[in-house]
Amino acid sequence: MRPAVCRHFHGDFAGLKIFPATLPDAAASCLFETSAAPLGLVEAHYSNGQDCRWTLVCSANGTAPVVTFTSFHTEAAYDFVNIFDGASTDAARIARLHGSAVPEAVRGSGSTMLVQFESDGSVTQGGFHAVMICGEAAPPPPPAGADPCAPGGVVLADAGAIE
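Residues numbered from 1 in each chain as written. Predicted model: local features only at pLDDT ≥ 70, side-chain atom pairs only at ≥ 80, totals over all residues. Heavy atoms only, no water.

## Things to note about the packing of aromatic side chains
One pass over the full model with this rule turns up six aromatic pairs. On the basis of an interplanar angle of 80° and a centroid distance of 6.3 Å, the ring pair of Trp54 and Phe128 is categorised as edge-to-face. Here Phe128 lies in strand S11 (residues 127-136) and Trp54 lies in strand S5 (residues 51-57), a separation of 74 residues in the sequence. When sorted by exposure, Trp54 lands in the same class as Phe128, which is buried. (Phe/Tyr/Trp six-rings, centres within 6.5 Å; stacked < 30°, edge-to-face > 60°. Helix = DSSP H or I, 4+ residues; strand = E, 2+ residues; numbered from the N terminus. Buried < 20%, exposed > 50% of the residue type's maximum accessible area, 1.4 Å probe, protein only.)

Structure below.
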């Protein structure tokens, strides 16, 4: 249960203490490459104007990152946790989370997922805590930019999200 690649530092990163569960006294920004590596985002009062990113990678074939939140509190409608089904913000966004309700688990469809936290310039809240594991991959999201209101709509085969 340890990350294969980690850059360690002490202190807060964007107001959130970040560390893998196996390193309770160190803060780290990590690229996880093992299917058993949890990601801890410890609840803290985050700062304004943040753009924080965590790239989650599963190396075992057929597995994908699964992020499960245990606590969640961001400024509703202004501070967001965005989750992308790929390695960059150009990938399909599969979740845009905010407010105080603890979200359902978010499952990627491929081996890499990007978690991004963005805060605006005013009110902040307590932050969030989540763990990452590698599990069964979800069906891929509809193609980026697909418009269900355009002629032909969006076609989903066997499974998919209707949004």
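Having seen it, we continue.
## Digging into the state of the cysteines
Counted by the stated rule, this structure contains one disulfide. Shown here is the disulfide that connects Cys58 with Cys134, its sulfur atoms set 2.0 Å apart. Disulfide Cys58 to Cys134: torsion about the S-S bond roughly -95°, handedness left-handed. With Cys58 in the loop between S5 and strand S6 (63-73) and Cys134 in strand S11, this residue pair connects regions lying 76 residues apart in the sequence. Using a relative accessible area of 13% as the deciding quantity, one classes Cys134 as buried. (Disulfide = S-S within 2.5 Å.)

## Let's talk about the sheet that holds strand S9 (residues 106-107)
Taking strand neighbours across the sheet as the criterion, the three strands line up as S9-S6-S11 in an open arrangement whose pairing is antiparallel. Because the sheet does not close on itself, it has two edges, and the strands there are S9 and S11. Pairing between S6 and S9: two bridges, direction antiparallel. Note that in S9 the partner of Val66 across the bridge is Arg107. (Pairing = 2+ DSSP bridges.)

## Here's the deal with the nonpolar core
Phe69, Val81 and Ile83 are the most contacted members of the largest nonpolar core, which totals 20 residues. Listing elements by their share of this core, those giving two or more residues are S5, S6, strand S7 (80-84), strand S8 (93-97), strand S10 (112-118) and S11. (Core = buried A, V, L, I, M, F, W, Y, C linked by side-chain atoms within 4.5 Å.)

These values are about where atoms sit, not about what they do.
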